[in-house]
Amino acid sequence: MIEEDTLVLDLKTKSKQAVAFEVLVNTYKERLYWQIRSIVLSHDDANDVLQNTFIKVYKNIDGFNGDSKLFSWMYRIATNEALNFIKQRAKLQGVSDTDYQDKLLSNLEADVYFEGDEIQLQLQKAIATLPEKQKLVFNMKYFQEMKYEEISEILNTSVGGLKASYHLAIKKLKQYLKED
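Predicted model, so just to flag it, every value in this text is computed and none were measured.

Cut-off values and rules
Residues numbered from 1 in each chain as written. Predicted model: local features only at pLDDT ≥ 70, side-chain atom pairs only at ≥ 80, totals over all residues. Heavy atoms only, no water. Core = buried A, V, L, I, M, F, W, Y, C linked by side-chain atoms within 4.5 Å. Buried < 20%, exposed > 50% of the residue type's maximum accessible area, 1.4 Å probe, protein only. Helix = DSSP H or I, 4+ residues; strand = E, 2+ residues; numbered from the N terminus. Domains from an automatic or database assignment. Contact = heavy atoms within 4.5 Å. Phe/Tyr/Trp six-rings, centres within 6.5 Å; stacked < 30°, edge-to-face > 60°. UniProt positions renumbered as here; feature names shortened; annotations may be inferred. Axes fitted to C-alpha atoms, helices over the stretch in contact; angles between N-to-C directions. Parallel < 35°, antiparallel > 145°, perpendicular 65-115°, else oblique. Left-handed = near helix turned anticlockwise from the far one by under 90°. Nonpolar A, V, L, I, M, F, W, Y, C, P; charged D, E, K, R; others polar. Expected span 1.5 Å × (residues − 1).

Visitor: Describe in detail the nonpolar core, supporting the description with residues and values.
Guide: Burial of nonpolar side chains together is a common tendency in soluble globular proteins. Formed by 54 residues in total, the largest nonpolar core has its most connected members in Leu24, Leu32, Val40, Leu70 and Met74. When residues in this core are grouped by element, the largest group, 12 residues, is from helix α4 (residues 70-92). Formed jointly, this core draws a minimum of three residues from each of two domains, domain 1 (1-115) and domain 2 (117-180). Those residues in contact with Val40 that sit more than four places away from it in its chain are Asp45, Ala46, Val49, Ala82, Phe85, Ile86 and Leu104.

Take a look at the structure:
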């Protein structure tokens, strides 16, 4: 795998940009897809948001200054794109973000790309009840198996705050699953 510094330099060099971007997409598309999918839930929507994420990365790579890791920067873009997608779709349908996500959740059972069983479906329903930040932290920590330091860099939040959010999320999820 290519070194991140070299990849960034190649992405900023016009003569190497196309090849470097292909490497970037092939290296990060799966991880970014699953982060986006954990927010938008639908496979087709996740692919659309992923495409928009890579377009934004391509257009803004010159603005990447290396204060964070390239992946953290892209992850933040992907997360923001997914959250904006939810907001836009909710607005178009004249409903709240929460109501729109409830609708997505109810469609999850019919999604041919959802490979989960009943337990996983219940977990997704429980996760959907969490406040946005707790949902993001839980998905990143539990499903993506990210370290708190990585999440902190992406969400621009203290490690202590993330640990508290994760703990509260776990508590709420246990409570929800006991009631169900």
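Visitor: Residues and numbers for unusual backbone geometry, please.
Guide: Despite not being glycine, Leu41 shows a phi value in the positive range, around 70°. Tracing the backbone shows Leu41 in the loop between α2 (17-40) and α3 (43-60). One non-glycine residue, Asn156, adopts positive backbone phi at about 55°. Inspection of the secondary structure assignment puts Asn156 in the loop between α8 (148-155) and α9 (159-179).

Visitor: Before we move on, could you go through the packing of aromatic side chains and cite the residues and values that matter?
Guide: Scanning all chains against the criterion turns up 11 aromatic pairs. Arranged with centres 4.9 Å apart and planes meeting at 85°, the rings of Tyr33 and Trp34 form a pair that is edge-to-face. Under the relative-accessibility criterion, Tyr33 is labelled buried at 10%. Judged by relative accessible area, Trp34 falls into the partly exposed class, the value being 43%. On the numbers, 6.3 Å between centres and 80° between planes, the contact of Tyr148 with Tyr166 is edge-to-face. Linking Tyr148 in helix α8 with Tyr166 in helix α9, this pair joins segments that are 18 residues apart in sequence. On the basis of relative accessible area, Tyr166 is assigned to the buried category, the value being 16%.

Visitor: Summarise the UniProt feature "domain: RNA polymerase sigma factor 70 region 4 type" (unreviewed entry) in the chain; cite the residues concerned and give the values.
Guide: Mapped onto this numbering, the UniProt entry annotates "domain: RNA polymerase sigma factor 70 region 4 type" (unreviewed entry) at residues 121-173. For residues 121-173, helix accounts for 81% and strand for 0%, while the C-alpha atoms at its two ends are 13 Å apart.

Visitor: Give a detailed account of the UniProt feature "domain: RNA polymerase sigma-70 region" (unreviewed entry) in the chain, specifying residues and quantitative values.
Guide: UniProt records the feature "domain: RNA polymerase sigma-70 region" (unreviewed entry) at residues 24-90, using the numbering of this structure. Annotated as 84% helix and 0% strand, the span residues 24-90 places its first and last C-alpha atoms 31 Å apart.

Visitor: Could you give an account of the packing of helix α7 (residues 132-143) against α8, with specific residues and numbers?
Guide: Direction vectors running N to C along α7 and α8 enclose 140°, while the axes themselves pass 10 Å from each other. By the angle class used here, α7 and α8 are oblique. The handedness of the crossing between α7 and α8 comes out as right-handed. When α7 is examined against α8, the residues Leu136, Val137, Met140 and Lys141 are found in contact with a partner set consisting of Tyr148, Ile151, Ile154 and Leu155. Considered class by class, the residues forming the contact of α7 with α8 number 7 nonpolar, no polar and 1 charged.

Visitor: Report on α7, specifying residues and quantitative values.
Guide: For α7, built from 12 residues, the straight-helix expectation of 16 Å at 1.5 Å per residue is met to within 8% by its first-to-last C-alpha distance of 16 Å. Residues of α7 that are buried: Gln134, Lys135, Leu136, Val137, Phe138, Asn139 and Met140. Within two residues after α7, Glu145 carries a phi angle of roughly 55°, on the positive side.

Visitor: Any details on the environment of Lys163? Residues and values, ideally.
Guide: Summarising the element assignment, Lys163 is placed in helix α9. In the structure, Lys163 is positioned 29 residues away from Gln134 in sequence and 10.0 Å away in space, judged by C-alpha atoms.

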